[in-house]
Amino acid sequence: MADYPQGLVRTRELSDGRAVTIRPIRPEDAEIEQDFVRHLSEESRYSRFMSQLHELSASKLKYFTDIDYDRHLALIAVAVEGDREIEIGVARYVGLPKHDRCEFAIAVDDAWQGSGVARILMTALMDAARERGFRNMQGTVLATNHRMLGFVRRLGFSVHSDAEDPGTVTAERQL
Ligand SMILES: CC(C)(COP(=O)(O)OP(=O)(O)OC[C@H]1O[C@@H](n2cnc3c(N)ncnc32)[C@H](O)[C@@H]1OP(=O)(O)O)[C@@H](O)C(=O)NCCC(=O)NCCS
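One numbering rule holds for all chains: residues counted from 1, following each sequence as written. Confidence filtering applies because this is a predicted model: local features only for residues at pLDDT of at least 70, side-chain atom pairs given and counted only at 80 or more, and all residues used for totals across whole chains, interfaces and linings. Heavy atoms throughout the structure, all of them, feed into the side-chain values; hydrogens and water do not.

## Concerning the site of the ligand
Residues are counted as near a molecule or strand when any one of their heavy atoms sits within 4 Å of it. Surrounding the ligand, one finds 18 residues, the nearest of these being V108, G114, R119, N145 and R154. Here an oxygen atom of the ligand and a backbone polar atom of G116 are 2.7 Å apart. Here an oxygen atom of the ligand sits 3.1 Å away from a polar atom, N or O, in the main chain of A118. To be clear on the numbers: accessible area is Shrake-Rupley with a 1.4 Å probe, and residue cover counts the displayed protein chains and nothing else. The protein chains hide 76% of the 940 Å² of surface that the ligand would expose on its own. By residue class, the composition of the shell around the ligand is eight nonpolar, seven polar and three charged. The definition of a polar contact used here is a pair of N or O atoms within 3.5 Å, where within protein one atom must be able to donate a hydrogen and the other to accept one, and adjacent residues in sequence count solely through side-chain atom pairs. Polar here means any residue other than Ala, Val, Leu, Ile, Met, Phe, Trp, Tyr, Cys and Pro, which are nonpolar, and Asp, Glu, Lys and Arg, which are charged; Gly is therefore polar.

## Looking at the sheet that holds strand β8 (residues 168-174)
Two strands pair under a simple rule: DSSP has to find at least two bridges between them. Strands here mean DSSP runs of E at least two residues long; helices mean DSSP runs of H or I at least four residues long; both are numbered from the N terminus. Taken in spatial order, the eight strands line up as β1-β2-β3-β4-β5-β6-β8-β7 in an open sheet, and their pairing is mixed. Whereas interior strands pair on both sides, the edge strands pair on one side only; in this sheet they are β1 (10-13) and β7 (158-161). Direction aside, the axes of adjacent strands within the sheet are offset by 30 degrees on average. As paired strands, strand β6 (residues 136-142) and β8 are joined by seven bridges and run antiparallel to one another. What sits directly across from T140, in β8, is T170. Seen against the sheet, helix α2 (residues 42-49) touches β4 (84-95), β5 (101-108) and β6 and runs at an angle of roughly 180 degrees to β5. Orientation is described by axes fitted as lines to C-alpha atoms, over the contacting stretch for helices, and by angles from 0 to 180 degrees between their N-to-C directions. We call two residues in contact whenever any of their non-hydrogen atoms come within 4.5 Å of each other.

## Some words on the UniProt feature "domain: N-acetyltransferase" (unreviewed entry) in the protein
UniProt positions are given in the numbering used here, feature names are shortened, and annotations may be inferred rather than shown by experiment. UniProt records the feature "domain: N-acetyltransferase" (unreviewed entry) at residues 20-175, using the numbering of this structure. Taken end to end, residues 20-175 is 32% helix and 34% strand, and its first and last C-alpha atoms sit 25 Å apart.

## Brief notes about the pairing of β8
Burial classes follow relative accessibility: with a 1.4 Å probe on protein chains only, a residue under 20% of its type's maximum area counts as buried, one over 50% as exposed, and anything between as partly exposed. The buried count for β8 comes to five of seven residues, which makes it a mostly enclosed element. Relative to β8, β7 is paired through four bridges, and the arrangement is antiparallel. By the bridge assignment, S161 is partnered in β8 with V169. From the end of β7 to the start of β8, which pair antiparallel, there are six residues.

## Some words on the environment of A74
As for its placement among the helices and strands, A74 is situated in strand β3 (residues 72-81). The buried category is assigned to A74, whose relative accessible area is 0%. In sequence terms A74 and D35 are 39 residues apart; their C-alpha atoms lie 16 Å from each other. Not counting residues within four places of it along the chain, the set of residues in contact with A74 comprises R23, P24, I25, F64, I67, V90, A91 and R92.

## Regarding the packing of aromatic side chains
Pairing of aromatic rings covers Phe, Tyr and Trp, the last through its six-membered ring, and needs centres within 6.5 Å; plane angles under 30 degrees mean stacked, over 60 mean edge-to-face, and all others mean tilted. On inspection of all chains with the given rule, the structure shows five aromatic pairs. Here the aromatic rings of Y63 and F64 are separated by 5.9 Å at their centres, their planes lie at 35 degrees, and the arrangement is tilted. Here Y63 falls in the partly exposed class, since its relative accessible area comes to 38%. With a relative accessible area of 4%, F64 lands in the buried category. Taken together, a centroid distance of 5.0 Å and an interplanar angle of 65 degrees make the contact between Y93 and F134 edge-to-face. Of this pair, Y93 sits in strand β4 while F134 sits in the loop between α4 (117-131) and β6, and the two are 41 residues apart along the sequence. Assessed through its relative accessible area of 0%, Y93 is described here as buried. In this structure an aromatic cluster arises from ring pairing among F49, Y63 and F64. Sitting above the plane of the Y4 ring, R26 keeps its charged end 5.6 Å from the centroid. Over a ring means this: the NZ of a Lys or the CZ of an Arg is within 6 Å of the ring centre and within 35 degrees of the ring normal. Here the basic side chain of R92 rests over the ring of F64, its NZ or CZ set 3.9 Å away from the ring centre.

## Regarding the environment of L75
Within the fold, L75 resides in strand β3. Along the backbone, L75 and T65 are ten residues apart, and their C-alpha atoms lie at a distance of 10 Å. L75 has contacts with L8, I22, R23, P24, G89, V90, A91, L121, A124 and L125, leaving out every residue within four places of it along the chain.

Pasting the structure below:
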């Protein structure tokens, strides 16, 4: 099993004062990861996965949670609700065949959007990717996802249209 990168665990305060913990995902997080996906609105789920899925298949869930923390890293944001921990956001990168490039994706629970979770996750993800030797990060975004496009532009990504698919654009940034 890959060594757990404990140094990436941190606690942050959101703009509305709520506290979240950011940490790399673990195989034991499969249940909260699945709950997170099921709980997303149809629109958010479609924006993230670009398909009509309602939940992750068993193999996808394993792929998303059992990772090597190097070529594939996922950071989750978790909060405590009552006596249990819930996942409220996740950002991941996966290394591309060209060795110093990786592809990212992110989603935040609808009820937690707009309070800075995505900015915290993306900043931490970019730092971790850079530390692991990646020099370039890119992601596919629906061309109609103006909120995400504004956000990544403010994070320093450039956005260009996708020759193969007019419905999506590629956001790309040197790290
Ligand atoms: C896009 C998404 C990740 C943003 O998450 P979030 O936690 O709401 O983001 P934050 O609160 O950190 O805010 C991100 C930016 O959006 C802006 N923003 C917040 N609420 C907004 C709104 N209602 N409309 C437009 N922009 C908004 C913020 O000002 C912020 O910009 P800044 O950090 O440069 O100031 C979230 O909306 C989401 O999960 N969408 C569905 C999945 C998706 O689209 N994923 C992208 C495909 S990879």
